[in-house]
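Chain by chain, the residues:
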Amino acid sequence: MEVFVQQLINGITLGSIYGLIAIGYTMVFGILGMVNFAHGDVFMVSAFIALIAFLILSSWIDGGLIALALLIVLIAAMVFTSLVNWAIERVAYRPLRGSFRLAPLISAIGMSIFLMNFVQVAQGPRNKSIPPLFSDVIVLFTVDGYDVTISYKQIVIWLVTGILLLAFWYLVSKTALGRAQRACEQDQKMAALLGINVDRTISITFVISAALAAVAGTMYLVHYGVVSFADGFTPGVKAFTAAVLGGIGSLPGAVIGGLAIGLIETFWSAYFSTDYKDVAAFSILVVVMIFLPQGLLGRPEVEKV
Amino acid sequence: MASEATQEATQDASRPDFARALRAAGFSGGIAFLLFLPLIAFLAAQNMRNELVLETRWPLFAVFVASAFFGRLIWELSPRERLKQQFAETLQSPIRLGTAAATLTIAMGALRIVARAGFGIESDVALALSYLFGTGAVVTAIGAAVAWVKSRYPATTESGRRRQSQIGVALRMVALGFLLAYPLVMFWFLGTQGSIKWIDNFGIQILIYVMLGWGLNIVVGLAGLLDLGYVAFYAVGAYSFALLAKNGLPFIAFASEYPFLTVDFYQLGPWAFWVLLPIAGVLASFWGILLGFPVLRLRGDYLAIVTLAFGEIIRLVLINWVDLTNGYAGISGVPRPTFFGIPFIEGEGGFAAYFGIPFNSIHRTIFLYYVILMLALLTAAMTIRLRRLPIGRAWEALREDEIACRALGINTVTTKLTAFAIGAMFGGFAGSFFAARQGFISPESFTFMESAVIVAIVVLGGMGSQIGVAIAAILMIGGTELMRELDVLKHIFGRDFDPTQYRMLLFGLGMVLIMIWKPRGLISTRSPSVFLKERKAVSGAHVREGHG
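Just so you know, the residues in each chain are numbered from 1, in the order the chain's sequence is written. Chains and ligands are labelled sequentially in the order written, the chains with letters from A and the ligands with numbers from 1. Two thresholds apply to this predicted model, a pLDDT of at least 70 for residue-level local features and 80 or more for giving and counting side-chain atom pairs, whereas whole-chain, interface and lining totals are computed over all residues.

Engineer: Can you break down the overall build of chain B residue by residue, with the values?
Structural biologist: Along chain B, the regular secondary structure elements total 22 helices and six strands. Any residue with 12 or fewer other C-beta atoms within 10 Å of its own C-beta is exposed, any with 20 or more is buried, and the rest are partly exposed; the C-beta atoms used are placed from the backbone. Classification of the 548 residues of chain B by burial places 35% in the buried group. Counting contacts in chain B only where the partners sit at least 6 residues apart, residues at least 24 apart contribute 72% of the total. Secondary structure follows DSSP: runs of H or I at least 4 residues long count as helices, runs of E at least 2 residues long count as strands, and numbering of each begins at the N terminus. By the convention adopted here, residues are in contact when the distance between their C-beta atoms, placed from the backbone, does not exceed 7 Å.

Engineer: Can you explain the overall build of chain A? Please cite residues and give values.
Structural biologist: Check the secondary structure of chain A and you find eleven helices and four strands. Taken against the 2.2 N^0.38 rule, which gives 19 Å for 305 residues, the C-alpha radius of gyration of chain A at 19 Å falls within 12% of a compact globule. Projected onto its principal axes, the C-alpha positions of chain A cover 65 × 50 × 40 Å. Counting the 305 residues in chain A, one finds 52% classified as buried. Considering only contacts within chain A whose residues lie at least 6 apart along the sequence, 74% involve residues at least 24 apart. Every radius of gyration here is taken over C-alpha atoms, with the globule rule written as 2.2 Å times N^0.38, N being the number of residues.

Engineer: Any chance you could break down helix α2 (residues 18–41) of chain B for me, citing the residues and the numbers?
Structural biologist: Helix length check: α2 of chain B (24 residues) gives 30 Å between terminal C-alpha atoms against 34 Å at 1.5 Å per residue, more than 12% under. The largest bend in α2 of chain B is about 40 degrees, located at Leu35 of chain B, with the proline Pro38 of chain B one to four residues further on. Those residues of α2 of chain B hidden inside the fold are in contact with α2 (39–58), α3 (66–93) and α4 (102–123) of chain A together with β1 (42–46) and α3 (58–77) of chain B. A helix is expected to reach a length of 1.5 Å times the quantity of its residues less one. Two axes define the bend at a residue: one fitted to the seven residues ending there, one fitted to the seven starting there, and the bend is the angle between them.

Engineer: Help me get a handle on the nonpolar core, residues and values and all.
Structural biologist: Nonpolar side chains in soluble globular proteins tend to be buried together. Under the definition applied here, buried Ala, Val, Leu, Ile, Met, Phe, Trp, Tyr and Cys residues are grouped into a nonpolar core through C-beta atoms within 7 Å. Within the largest apolar cluster, 216 residues are counted, with the highest numbers of intra-cluster contacts made by Val215 of chain A together with Met211, Ile372, Ala456 and Ile457 of chain B. It is helix α7 (residues 158–222) of chain B that provides the largest number of residues to this core, a total of 17 residues. Domain boundaries shown here were taken from an automatic or database domain assignment. Two domains share this core, each providing at least three of its residues, namely domain 1 (1–78) and domain 3 (188–489 + 497–542) of chain B. Beyond its immediate chain neighbours, meaning those up to four positions away, Ile372 of chain B contacts Ile204, Leu207, Ile208, Met211 and Phe433 of chain B. Listed in part, the ten residues of the second largest apolar core include Ala101, Ala126, Phe133 and Ala147 of chain B.

Engineer: Give me the confidence of the model for chain B: which residues, what numbers.
Structural biologist: Of all residues in chain B, 84% attain a pLDDT of 70 or more, and the chain-wide mean is 81. Every residue carries a pLDDT, the predictor's confidence in it, which falls somewhere between 0 and 100. When pLDDT is averaged over each helix and strand of chain B, the minimum, 49, is found for helix α9 (residues 252–255) of chain B and the maximum, 92, for helix α18 (residues 412–438) of chain B.

Engineer: So what about the interface of chain B and chain A? Which residues, and what values?
Structural biologist: Taken together, the 49 residues of chain B in the interface contact 53 residues of chain A. Of all the secondary-structure elements, those providing two or more residues to the side of chain B that touches chain A are α2, β1, β2 (52–56), α12 (300–320), α19 (448–461) and α22 (503–517) of chain B. It is α12 of chain B that provides the largest number of residues to the side of chain B that touches chain A, a total of 14 residues.

Engineer: Help me get a handle on the packing of α2 of chain B against α3 of chain B, residues and values and all.
Structural biologist: Residue and element names in this part refer to chain B. The N-to-C vectors of α2 and α3 enclose an angle of 155 degrees; their axes lie 8 Å apart at closest approach. Considering their axes alone, α2 and α3 lie roughly antiparallel with respect to each other. Note on packing geometry: the crossing formed by α2 with α3 is right-handed. Two secondary-structure elements touch here, α2 through Ala21, Ala24, Ala25, Ser28, Gly29, Ala32, Phe33, Phe36, Ile40 and Ala41 and α3 through Trp58, Leu60, Phe61, Phe64, Val65, Ala68, Phe69, Arg72, Leu73, Glu76 and Leu77. Residue composition of the contact of α2 with α3, by class: 17 nonpolar, two polar and two charged. The axes used here are C-alpha line fits, helices contributing only the stretch in contact, and every angle between their N-to-C directions lies in the interval 0 to 180 degrees. Convention used here: angles under 35 degrees read as roughly parallel, angles over 145 as roughly antiparallel, angles from 65 to 115 as roughly perpendicular, and any remaining angle as oblique. By convention, the crossing between two helices is left-handed when the near helix turns anticlockwise from the far helix through less than a right angle, and right-handed when the turn is clockwise. Under the convention adopted here, Pro, Cys and the residues Ala, Val, Leu, Ile, Met, Phe, Trp and Tyr are nonpolar, Asp, Glu, Lys and Arg are charged, and Gly plus all remaining residues are polar.

Engineer: With reference to specific residues and values, describe α12 of chain B.
Structural biologist: Over its 21 residues, α12 of chain B runs 31 Å from end to end, which matches the ideal 30 Å to within 8%, given 1.5 Å per residue. In terms of burial, α12 of chain B is a largely internal element, 15 of the 21 residues being buried.

Engineer: Give a description of the pairing of strand β2 (residues 137–143) of chain A that names residues and reports values.
Structural biologist: For a regular strand, side chains alternate in direction, first toward one face of the sheet and then toward the other. Residues and elements named next belong to chain A. Of all seven residues making up β2, only zero are buried, and the element is barely covered by its neighbours. The pairing criterion for strands is at least two bridges between them, as found by DSSP. In this structure, β2 lies alongside strand β3 (residues 146–151), joined through six bridges in antiparallel fashion. Its bridge partner lying in β3, Val137 is registered against Ser151. In sequence, β2 turns back onto β3 through a hairpin of two residues, with Asp144 there showing a positive phi of about 50 degrees.

Engineer: Tell me about unusual backbone geometry, residues and numbers included.
Structural biologist: Among all residues save glycine, negative phi is the norm, and among peptide bonds the norm is trans. Of note in this structure, Asn326 of chain B is not a glycine but carries a positive phi near 65 degrees. Note that Asn326 of chain B resides in the loop between α13 (322–325) and β3 (331–332).

Engineer: Got a sec to walk through the packing of α4 of chain A against α22 of chain B? Specific residues and values, please.
Structural biologist: Put simply, α4 of chain A and α22 of chain B touch, their axes get as near as 7 Å, and they point 155 degrees apart. Regarding the angle of α4 of chain A to α22 of chain B, the classification is roughly antiparallel. The two elements α4 of chain A and α22 of chain B cross, and the hand of that crossing is left-handed. Where α4 of chain A approaches α22 of chain B, its residues Ala103, Ile106, Ser107, Ile109, Gly110, Met111, Ile113, Phe114, Asn117, Phe118 and Val121 of chain A are matched on the opposing element by Met504, Leu505, Phe507, Gly508, Leu509, Met511, Val512 and Met515 of chain B. Of the residues contributing to the contact of α4 of chain A with α22 of chain B, the split by class is 15 nonpolar, four polar and no charged.

Engineer: Before we move on, could you go through the pairing of β1 of chain B and cite the residues and values that matter?
Structural biologist: Residues and elements named next belong to chain B. Relative to β2, β1 runs antiparallel, the two sharing five bridges. From the neighbouring strand, Phe42 faces β2, where its bridge partner is Thr56. Here β1 folds back onto β2 in antiparallel fashion, the turn holding five residues, of which Asn50 has a positive phi close to 65 degrees.

Engineer: Please provide a residue-by-residue account of the environment of Val244 of chain A, values included.
Structural biologist: All names here are of chain A. As for its position among the elements, Val244 is in helix α9 (residues 233–246). Its 33 C-beta neighbours within 10 Å are what place Val244 among the buried residues. Sequence separation of Val244 and Pro293 is 49 residues, and the distance between their C-alpha atoms is 7.9 Å. Among all residues touching Val244, those that are not within four sequence positions of it are Leu285, Val288, Met289 and Gly295.

Right, dumping it as structure tokens:
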């Protein structure tokens, strides 16, 4: 029981990071019908931007104001990563809109390779580790000498993720921008006829997805305290798995899928073996695709002639 | 009068608009400023105690921003339309192209003389430029020849078409002759030390990717199933070969009751490679079917992601199943291929002694080159033959329209599975060749990046086009290998400059740029396998590719 609760806490933390990345996949897939393969690497870039912002701040701020520092780091990462993703969409995907289906996917794979190697060349191939933040823990309860704990770090991650998901939900479901975004998802031509600037809406979709990836990147940095240029691929594929599990195109599905993947991964590591935790995540992807291609909350795809 | 007015209008349009250009350049510069500010201006470096410290690189950052600003400015001010038109005209004119080629050749010669005479940086730059001009000269000379043939034998007449196809056949023969002669010529001119790099790093390496590209082309180009986990079959081939050659079959003990089943591959000795090559291929094709079954119902991007997951699962199992595969450490001492039973060793019984020639380590490299050349040609020949068989036509029909296929009574299950199996088989052949060539394999060689590179080669070459795939493999693999050679760049960018770091960076950038330039791949026409009366190439835009 105590191990279970502890793993539940850890799993939700990991799952909220996956969920934030998964929203990016699901939004872009919903509006463009393409798998944005570079999204995992955008997440990695955002972690690096957060790292740089943290290092700049740490020379000014000592100790006390760490919450304020985190807020500034978060905003900096969101702004700069949004810009990166906006530029990527402009350069690598927009010229290929309306081209055949594989072209944007190949372009995205190329972009993913480019981003990874760009960061490797620009920032060096070694792991970058920061001193631990918010490392104090609260002991929730103790059973037979086993402390079930929740760290401040985890609370921060839950809070930030929760607040931003609420803001994001408000943006998509209550504002004109969100309506335009959903309209483009359903029918781009009709949306354009009704006076919606489709290109701008797609750009904004990329910006939002990057901003959420940047939140995930910052949280990843806070949680693990270490980041390297190769860290985009595996979380990227797992977040995509989460998006597919939740039903691609469905925003609540992406969050639920992310939590599910995070929980499965931590429970698998706790009860079976850490060696095969990635295999477990990938196997779930395969099984879901075979037996439940539309995912948990997705609409089944109707095949038309 | 009217014509004068239009002329004035075109002149007006072509006149550069400085204010607009400056605004655009300012915009690009501003975006570049913000884009590169975090990751270029600052560096999270480690100090002696392995703590992160912040360093700044303002000069480098300034170079990035300035190049974005001035690059955009030049782009905006250049008379693009006129240049494009002139370029198109030049491409049509053999005389202009020939002159350009001759000029470039002369320039190359002059620069080489400067390089020989000069010392230090100037001569290095001159040498680099002369290589550049030399490449340009070769390309323009080929262009001139093509333009000449096209103008001399127009495709609009019957005799012109016939002559063009004759020239095509002759060119293929010349290419084949070149491929056969390549290692021997290299050895002849450059000697053992000089030529091994050109035969091994360029010849064999490129041919492995050509073969993998052609193998994947069956799955992606013909059957239209996007497979992002092709490297799994490459890995299965390599590990099957290495494990069987080193350990023999696991059920030897059981089989000893049936002597005719007892095959201890280790006792095969010099023949191990030749016996195990087909077995590795067959095992890989089993894995192809195993992967094919669950993904039968998936299409397009979904199929791509599931195959990617399969590739990763195979790699993770190879890493974690240490008892069998020795994990990250890999398997060393894999038996090397022999000249049909005669090993490439020094002394009695070796290849050199048998043929009465002095021993030279390059014999094996040259032999390996011919083996992979034959394997690659086998893949190409089989693909061409298969396209004409009912199964090949079913693949292409499946790519065009799966529902129509089912309506016409084509069994889509067997059609998809055969595509996966045959594609995987060639991947397995390539894998066992790879293991035998290296003598050492580890999971590091079978990452997702390899799959991405192979898919990139197939798509960039133009899916379904054999020659396009070969060209793409030469460009992408040869080009990135060539990056290793460019020591001259060290003199331009400083001592610490390591060109190999930039290989994959440029590879990724190249993928994006080629896709934007030619979304249908380099060769964007397809020649149908079945035709009425005359063979006509069709545009790639009419082919539904990667549909699912």
